[in-house]
Amino acid sequence: MNNEKNNRIKQLEDKFEQAKKEPWAKKLRIGTGVLWNLFILLIIFAVIGAVFASSVGAGYFASLVAKEPLRTKEELRDQVFTYEETSEMFFADSIYLGKINSDIERRQITLDKVSQYALDAVLATEDEYFEEHKGVVPKAIFRGVFQDVTNSDSQTGGSTLTQQLVKNQILTNEVSYERKAKEILLAMRLEHFMTKDEILEAYLNIIPYGRDVSGQNIAGIETAARGIFGIKAADLSLPQAAYIAGIPQAPYTYTPFYSKNQGIKEREKLMYGVNRMKTVLFRMRDAGYITDAEWKEAKAYDVTKDFRQPSRRATERYPYVTQEIQNRTIEILAKVLAEKDGIDADRFEGDSKIKEKYEIMADRSMRTDGYRIFSTINKELYDKMNEVADSFQYYGYTYTSETVDDESGKTITKQNPVQVGASLIENHTGKVLSFVGGRDYELEALNHSTQAYRQNGSSMKPLLVYAPAIEYGVIGAGSPLVDVKFRRGTYAPGNYFDRELGVLPARESLARSQNLSTIRLYDQIIDRNPIDFLKKMKFKNATDQAGSGLSAALGTMDVTVEENTNAFATFANGGQFIESYMIERIEDMKGNIVFEHKAEPVEVFSPETSYIITDMMRDVLKGNGTAARLPGLMNIRPDLAAKTGTSQHYGDAWLVGYNPNVSLGVWMGYKNRNTPLYHGYNSGQMHPSERTARLYGQLMNTANTVIPETIKARDTFKRPNGVVTRSFCGISGLAPSAACSSAGLVRSDLFNSKKMVPSKADDSIVSSAAVRVNGKLYQALASTPREFVTSGGIGVTSEYGKRMLGRLGGDASKLLAGRGSYSSSVAGGTFPADNVPPAAVSAGQNGSVLTWTGSSSNDVIGYYIYQNGARIGTVHDGASRSYKVGYGSYYVRAVDITGQLSGPSNTVTNAAPAPKAEPKSDTNSGTKPGTNPETKPDAKPETDAESKPDSKPEATPESKPEPKPEAKPEATPEPKPDAAPAAKE
């Protein structure tokens, strides 16, 4: 067997050797050798090429990442876990308000608070090899490079979750090989420094998810769950989780909502996201995350019925509140950030560039650093107060104007209504409890409570004039002030009704809101810089220049409603200014307190001054006070002090008041301050002071209903021990003298015993012969007819007039001859007669009564009546111009204070009746023929006793009762060239 096998092998070898000798075999052998050598060369070249390509690729990759800094573990983790979370705002008592306006909203969440369905959906869709890879998947990278190089229509991408995290948190969205190379490098590095759970949690917090129901851009799965479905991420169902997981591939295509709160998309556009959801569900089934039954049930589910219904954002529901909170938060954070960088407060406030820099930083920080901002605004109170303001019916006329829109070319009608601002502040804390920012945010976004600067008119008087004067020891509550006109250069102010009240108590001057007496008082203290009191109360525009002119006393400085109201709260706090605030505290994402408000009281006035000015402003709500209507408009009776104010030409109307616990200020006016709120009594309009009183009453009633425990309407102001009641001479303010007491001119009122009480005895009173001119008493002249003179009257010295008028001067005769309370009892100096005979009068007759017109001359003290050329009677000024007469001819002459007479009036004749015919004799009458049984033969016609020359039935020389002033809107001096525009009151 072996031999046979060997023979067979030998035969084959022989044949092979024979074949090798054939020509074709030789050619085959040569060809095969060449092919083999070529194959070896190709392998060598392939290896060399691969090495070269790898070297080039590595070099290129290295060049792409050459400038990428080598980040430490801590740096990488910090950058990844630094989320731009949207800050949130809260009302008082931590009631949620809404989110800060930002480019994108994000709410941070931990992995344990995310639905397992959502986690599985994200992994199945975005990174199926997440648990196995080390940051990158090579085949996915090569696939992506190949598709890019070949410009393939199919771009499947190759980024893992780790790479996407790097791209969003560390790098940018730039499309370049350099960015991609850095992304790969950092992703692999990040896998060494973070666990898979940390990477997944970070990814779920930063990935964009389109828009929420209000059209706001959103990021993070918790924000998406709340914004799209209105539930937490932990509560997402399988179809809801699949829908959200599918959004990141094309966020604005798959999101169900339009931008800018335009609502939900149409059905056909919603199907893009629904179909994407089904794709996610399919991948979840293939990856084994869900069963076939779950897949079928979920893909058949109508997820569109779970979408949130459109709703208004906080910025739309509470635009004034959110705007104000954001503005104040930026101010606070700017200071916090500057302080962290070592910038002291003075440098921060003094360097505008530094301040602007930190305000920009604060703005960015507020919108992206996830703060929790807690305000002082009481939500229920804010809602109710603004309901009152919205439904108020007495604002007045709304003007309209037409403009052409630049873009559309259409004619647009714009409304210009009366705007309103109000602020309610808790006195002892400074909390802004609520406010009214305006009538319509869409018409005018300006917050009229905190941002609109307007002249505060006479509401400035207690702050800049009366309280400082009390604090300086210049006046007490009832000290006499002078309400007499003056001229200083071209400046000649006047009162609202343009009448002078002469000498009147300070509290009456303030209650009536008299301009002349207020300016004169300000002139007495202006050299002491009372503007410093306003500076302490943080009025932004309180500068030395603002307080340098006399017109400042009438409220020509621009203030906000909050500033004005906050200043009045100073009086309620016993003279301590506690700055108003709206931000209670700010917390960061971890709950650490970044800022917390702390009150820093500033002593402005003494407790005694504060109580006295408070007591004076109680009178504003009484009698002739300018806000006397207010108590009747409230359903509570708080111990309230208040002040009204109107600016030039009724451009602004104010009412600010306070009780021991809260202060409320109300303002009205048009956007254009030159548009008047009022056109006079004949215009048929409600007076601005009436409008503010009505709104004030409604707002106070509302506040008491919502927060009665804060208002405490029964509380009263407590009188400090240093406030004393002292007597003084009413016309001079000095201590009562015997003469003042005898004259009945002693008054009593409140004084700050630590500053001033009347001590020097009055020396103003002298005995005087008085005469009445135009209803007022003046000292009689030597030539004044005695029958018109009241002997034993009360007069004043010439020095009194000079002292009371001060450096502003004026007509001394009007000090005690105006409409004030002393004009009927004290002779107010010498009347300035014109020294020419008075104008004649015109006489008439009404039956047996002679009447005549008043003389047009202003120095007339009375009238003489003449019968048949003989004087028969005297009528004093102020009495009725009539005289009962008998038969004869009569005329009248006017008499002036110098004793000169007018020419006679026209003559009025009262003829005697003609005698009756004598009756015929009647034999049965029992009388003598030719006699009248009713008349004695020798009797003379009877006349009234007053017709006898020596009889003087003169009318009682009492003044006419002074008409009660109407509830006044207060006075209006016109602006002068050398002064700031004067305020209305």
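Below: a short report on this structure.

**Structural notes on the sheet that holds strand S28 (residues 849-852)**
In spatial order, the strands read S27-S28-S31; together these 3 strands make up an open sheet with antiparallel pairing. Only two strands of the sheet have a single partner each, and these edge strands are strand S27 (843-846) and strand S31 (882-884). Neighbour to neighbour, the strand axes of the sheet diverge by 25 degrees on average, direction disregarded. Pairing of S27 with S28 involves 4 bridges; the strand directions are antiparallel.

**Things to note about the packing of aromatic side chains**
Under the defined criterion, the tally for this structure stands at 32 aromatic pairs. A centroid spacing of 6.3 Å and a plane angle of 80 degrees characterise the contact between Phe-229 and Tyr-243, whose relative ring orientation is edge-to-face. One end of the pair, Phe-229, is in helix H9 (residues 221-229); the other, Tyr-243, is in helix H10 (residues 238-246), and 14 residues separate them in sequence. Pair check on accessibility: Phe-229 and Tyr-243 agree, each one buried. Consider the rings of Tyr-496 and Tyr-650, whose centres lie 6.4 Å apart with planes at 80 degrees: the pair is edge-to-face. Pair noted here: Tyr-496 is in the loop between strand S12 (480-483) and strand S13 (502-505) and Tyr-650 is in the loop between strand S19 (641-646) and strand S20 (653-658), with a separation of 154 residues, a long-range link. Every member of this aromatic cluster is reached through a ring pair, and the members are Tyr-472, Phe-533, Phe-568, Phe-571, Phe-605, Tyr-658 and Phe-717. Between the NZ or CZ atom of Arg-585 and the centre of the ring of Phe-374, over which it lies, the distance is 3.9 Å. Over the aromatic face of Tyr-866 sits the side chain of Arg-893, whose NZ or CZ is 6.0 Å from the ring centroid.

**Focus on the packing of helix H4 (residues 116-126) against H10**
When two helices pack together, their arrangement is captured by the angle between the axes and the distance separating the axes. Where H4 contacts H10, the two axes come as close as 8 Å, and the packing angle between them is 40 degrees. Classed by the angle they form, the pair H4 and H10 counts as oblique. In the packing of H4 onto H10, the handedness of the crossing is right-handed. Here Tyr-117, Ala-118, Ala-121, Val-122, Thr-125 and Glu-126 of H4 lie close against H10, whose contacting residues are Leu-238, Ala-241, Ala-242 and Ala-245. Split by residue class, the contact of H4 with H10 holds 8 nonpolar, 1 polar and 1 charged.

**Focus on a nonpolar patch on the surface**
Nonpolar side chains collect at one region of the surface, where Leu-35, Trp-36, Leu-38, Phe-39, Ile-40, Leu-41, Ile-43 and Ile-44 lie side by side and expose about 770 Å² of accessible area between them. Residue Trp-36 is classed as exposed on the basis of its relative accessible area of 54%.

**Thoughts on the layout of surface pockets**
Of the pockets and cavities examined, the second largest pocket occupies roughly 1600 Å³. Residues that form the lining of the second largest pocket fall into these classes: 13 nonpolar, 7 polar and 16 charged.

**A closer look at the pairing of strand S10 (residues 432-436)**
Judged by how many residues are buried, S10 sits mostly within the fold: 5 of 5 residues are covered. Summarising the sheet, strand S9 (residues 419-426) and S10 pair through 4 bridges and their orientation is antiparallel. Looking at the pairing, Ile-425 lines up with Val-432 of S10. The antiparallel hairpin formed by S9 and S10 contains 5 residues in its connecting segment, where Gly-430 sits at a positive phi of about 90 degrees.

**A word on the pattern of salt bridges**
Across all of its chains, the model carries 40 salt bridges by this definition. Between Asp-523 and Arg-488 there is a salt bridge, with its nearest N and O atoms 3.3 Å apart. Of the two residues, Asp-523 is situated in helix H21 (residues 515-525) and Arg-488 in the loop between S12 and S13; the sequence distance between them amounts to 35 residues. Classification of Arg-488 by relative accessible area gives partly exposed; the value is 41%. Via salt bridges that share partners, Arg-507, Asp-615, Arg-618, Asp-619, Lys-622, Asp-639 and Asp-749 belong to a single interconnected network.

**Focus on unusual backbone geometry**
Even without being glycine, Ser-94 reaches a positive phi, approximately 60 degrees. Relative to the elements of secondary structure, Ser-94 occurs in the loop between strand S1 (88-90) and strand S2 (96-99). Unusually for a residue other than glycine, Asn-868 sits at a positive phi of about 50 degrees.

**Focus: the side chain of Thr-710**
Inspection of the secondary structure assignment puts Thr-710 in helix H26 (residues 708-711). If we skip the residues at most four places from it in the chain, Thr-710 touches Glu-426, Leu-433, Asn-661 and Val-662.

**Details of the sheet that holds S19**
Neighbouring strands of a sheet are bound in pairs by backbone hydrogen bonds; such pairs are parallel or else antiparallel. Read from one edge to the other, the open sheet built from 5 strands follows the order S10-S9-S21-S20-S19, with strand pairing classed as antiparallel. Two strands in the sheet have a free side with no partner beyond their single neighbour: S10 and S19. Across the sheet, the mean angle from the axis of one strand to that of its neighbour is 10 degrees, orientation sign disregarded. In this sheet, strand S21 (residues 662-669) lies alongside S9 in antiparallel orientation, the contact comprising 8 bridges. Note that in S21 the partner of Ile-425 across the bridge is Ser-663.

**Digging into the state of the cysteines**
Should the sulfur atoms of two cysteines be covalently bonded, the bond is a disulfide. Evaluation of the coordinates by the stated rule reveals 1 disulfide. The disulfide that involves Cys-729 links it to Cys-740, with 2.3 Å between the sulfurs. Here the S-S torsion is close to 105 degrees, and the disulfide linking Cys-729 with Cys-740 is therefore right-handed. A residue pair is termed long-range when its members are at least 10 positions apart, and Cys-729 in strand S22 (residues 723-729) and Cys-740 in helix H27 (residues 738-742) qualify at 11 residues.

**Section: a negative patch on the surface**
Where like charges cluster on the molecular surface, the negative patch consists of Glu-316, Glu-387, Asp-390, Asp-440 and Glu-442. Here Glu-316 shows up in helix H14 (residues 314-317).

**A look at helix H6 (residues 161-169)**
When you tally the buried positions in H6, you get 7 out of 9 residues, the bulk of the element. Within H6, the full set of buried residues consists of Leu-161, Thr-162, Gln-163, Gln-164, Leu-165, Val-166 and Gln-169.

**Digging into the environment of Tyr-394**
Along the chain, the position of Tyr-394 falls in the loop between helix H18 (379-391) and strand S7 (399-404). For the pair Tyr-394 and Arg-691, spaced 297 residues apart in sequence, the C-alpha separation works out to 6.1 Å. In contact with Tyr-394, not counting residues within four places along its chain, are Met-686, Arg-691 and Arg-694.

**What to know about the packing of H4 against helix H8 (residues 196-206)**
Between H4 and H8, the least distance of the axes is 12 Å, while the angle of their chain directions is 90 degrees. Classified by the angle their axes make, H4 and H8 are roughly perpendicular. In contact with Leu-119, Val-122, Leu-123 and Glu-126 of H4, H8 contributes Leu-200, Tyr-203 and Leu-204. Taken together, the residues of the contact of H4 with H8 break down into 6 nonpolar, no polar and 1 charged.

**Structural notes on the side chain of Glu-690**
Note that Glu-690 resides in helix H25 (residues 688-706). On the accessibility criterion, Glu-690 (18% relative accessible area) is buried. At 2.8 Å, the side chain of Glu-690 and the side chain of Arg-629 are in polar contact.

**Details of the environment of Val-662**
Tracing the backbone shows Val-662 in strand S21. Of the residues examined, Val-662 reaches a relative accessible area of 1% and is grouped as buried. Those residues in contact with Val-662 that lie beyond four places of it in its chain are Leu-424, Ile-425, Glu-426, Asn-427, Leu-433, Gly-657, Thr-710 and Ile-711.

About the cut-offs
Residues numbered from 1 in each chain as written. Predicted model: local features only at pLDDT ≥ 70, side-chain atom pairs only at ≥ 80, totals over all residues. Heavy atoms only, no water. Pairing = 2+ DSSP bridges. Helix = DSSP H or I, 4+ residues; strand = E, 2+ residues; numbered from the N terminus. Axes fitted to C-alpha atoms, helices over the stretch in contact; angles between N-to-C directions. Phe/Tyr/Trp six-rings, centres within 6.5 Å; stacked < 30°, edge-to-face > 60°. Buried < 20%, exposed > 50% of the residue type's maximum accessible area, 1.4 Å probe, protein only. Lys NZ or Arg CZ within 6 Å of the ring centre and 35° of its normal. Parallel < 35°, antiparallel > 145°, perpendicular 65-115°, else oblique. Left-handed = near helix turned anticlockwise from the far one by under 90°. Contact = heavy atoms within 4.5 Å. Nonpolar A, V, L, I, M, F, W, Y, C, P; charged D, E, K, R; others polar. Patch = residues over 30% accessible without salt bridge, like charges linked within 9 Å, V, L, I, M, F, W, Y side chains within 5 Å. Areas by Shrake-Rupley, 256 points an atom, 1.4 Å probe, with all protein chains shown as cover. Salt bridge = Lys/Arg side-chain N within 4 Å of Asp/Glu carboxyl O. 1 Å grid on protein atoms, 1.4 Å probe; cavity = no way out; pocket = protein on both sides within 12 Å on 5 of 7 lines; lining within 4 Å. Points joined across faces, edges and corners; volume = space filled by probe spheres on them. Disulfide = S-S within 2.5 Å. Lys, Arg positive; Asp, Glu negative; His and termini not counted. Charge placed at Lys NZ, Arg CZ, Asp CG, Glu CD. Polar contact = N/O pair within 3.5 Å; in protein donor to acceptor, adjacent residues only side chain to side chain.

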